[in-house]
Amino acid sequence: MNILIIYAHPSNKSFTYKVLQTLVKALQMGNHQVEISDLYKMEFQSDMTEEEYEREGFAKMELPLSEDVIAEHRKIERADCIVFLYPVWWSDCPAKMKGWFDRVYSVGYAYGYDHDGEKVMKMKRIKLGLVICTAGHPNNFLKETGIAESMRNVMLDDRLGVRFEKKEMIILGGTLELEKVANSHLEKIMNLGINMYKFYNTLIVDNKDFYDV
Ligand SMILES: Cc1cc2nc3c(=O)[nH]c(=O)nc-3n(C[C@H](O)[C@H](O)[C@H](O)COP(=O)(O)O)c2cc1C
């Protein structure tokens with residue numbers, strides 16, 4: 001598979017970076033092609049400009065798109081699978097990644113309607129959308145408080161939405177006590193990367209097993 005990883009973490013000293021390294025290694029072992037949008041490293045612009053809002057807010061699809069947005073569209077068009085990898089910050093992805101959705105999911109590309117009310121969506125339907133996030137709180141806390149469900153609703157149901165055939169969210173929780181969870185999380189990611197086809201084929205939508213550490 002051609003796998004695009006949208007990655008957002010500012011530090012290579014982070015556990016999330018270890019997850020990235022493990023995932024890339026495992027995917028390469030499984031003979032997958034990997035492309036990475038490392039949003040901090042690229043200094044990806046996450047704020048929408050006033051000019052961009054003119055296009056987005058008023059659905060003026062005839063206005064041009066920014067070069068960096070077009071570059072991300074090209075990566076999306078090459079991908080069979082997109083992995084969104086990030087640390088949970090205030091119960092969501094970092095602002096850098098939120099800005100990726102704000103700008104890259106442009107009107108006429110990821111959503112929108114023409115003058116006759118017909119849906120306009122140039123973005124191809126991606127086979128698999130995978131959200132992998134690390135979290136300080138343990139998975140059972142996130143589950144009991146409803147935060148896991150709300151993160152899942154926002155990421156899978158809204159942001160990935162109908163643009164992906166199959167979707168899953170994997171929460172690697174409990175990182176405040178990293179020594180207790182690091183090995184099992186990295187092992188899980190290694191197995192996932194090596195067995196990506198199997199994972200894709202057997203994926204059941206809303207498989208709650210992946211909440212569990
Ligand atoms: C600004 C900030 C906000 C955070 N918010 C949350 C949160 O809302 N829920 C949670 O479980 N963990 C939260 N954490 C903890 C991170 O999710 C945790 O540090 C990360 O998953 C793993 O660490 P890493 O930065 O080494 O990759 C937060 C951490 C930071 C720095």
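Asks: What is the right way to read the overall build of the chain from this model?
Replies: Each helix and strand counted, the chain has eight helices and five strands in total. When the helices and strands of the chain are placed in sequence order, the string is β-α-β-α-α-β-α-β-α-α-β-α-α. Relative to a compact globule of 213 residues, whose C-alpha radius of gyration would be 17 Å, the chain shows 17 Å and is just as compact. Structurally, the chain occupies a C-alpha span of about 55 × 35 × 30 Å along its principal axes. Burial statistics for the chain: of 213 residues in total, 32% are counted as buried. Contacts spanning at least 24 positions in sequence make up 81% of the contacts within the chain whose residues lie at least 6 apart.

Asks: I keep staring at the environment of Glu 187 and nothing clicks. Help me out?
Replies: Mapped onto the secondary structure, Glu 187 falls in helix α7 (residues 178-194). Sequence spacing of Glu 187 and Thr 22 is 165 residues, and the spatial spacing of their C-alpha atoms is 8.6 Å.

Asks: Hey, could you run me through the nonpolar core in this one?
Replies: Inside soluble globular proteins, nonpolar side chains tend to come together where they are buried. If you look at the biggest cluster of nonpolar residues, it comprises 44 residues, and the most contacted ones within it are Ile 6, Val 83, Leu 85 and Ile 132. Looking at this core, the elements with two or more residues in it are β1 (2-7), α1 (15-29), β3 (81-87), α4 (95-104), β4 (126-134), α6 (147-160), β5 (164-172) and α7. With six residues, the single largest contributor to this core is β3. Aside from chain neighbours lying at most four places away, what touches Ile 132 is Val 19, Val 83, Leu 85, Ile 170 and Leu 172.

Asks: Before we go on, may I ask you to explain the site of the ligand in this structure?
Replies: Neighbouring residues of the ligand: 14 residues in total, closest Ser 14, Thr 16, Thr 134, Gly 136 and His 137. Per-class residue counts for the shell around the ligand are six nonpolar, eight polar and no charged.

Cut-off values and rules
- Residues numbered from 1 in each chain as written.
- Predicted model: local features only at pLDDT ≥ 70, side-chain atom pairs only at ≥ 80, totals over all residues.
- Helix = DSSP H or I, 4+ residues; strand = E, 2+ residues; numbered from the N terminus.
- Rg over C-alpha atoms; globule rule 2.2 N^0.38 Å.
- Buried ≥ 20, exposed ≤ 12 C-beta atoms within 10 Å, placed from the backbone.
- Contact = placed C-beta atoms within 7 Å.
- Core = buried A, V, L, I, M, F, W, Y, C linked by C-beta atoms within 7 Å.
- Near = placed C-beta within 6 Å.
- Nonpolar A, V, L, I, M, F, W, Y, C, P; charged D, E, K, R; others polar.

Honestly, it's all geometry; don't read function into it.
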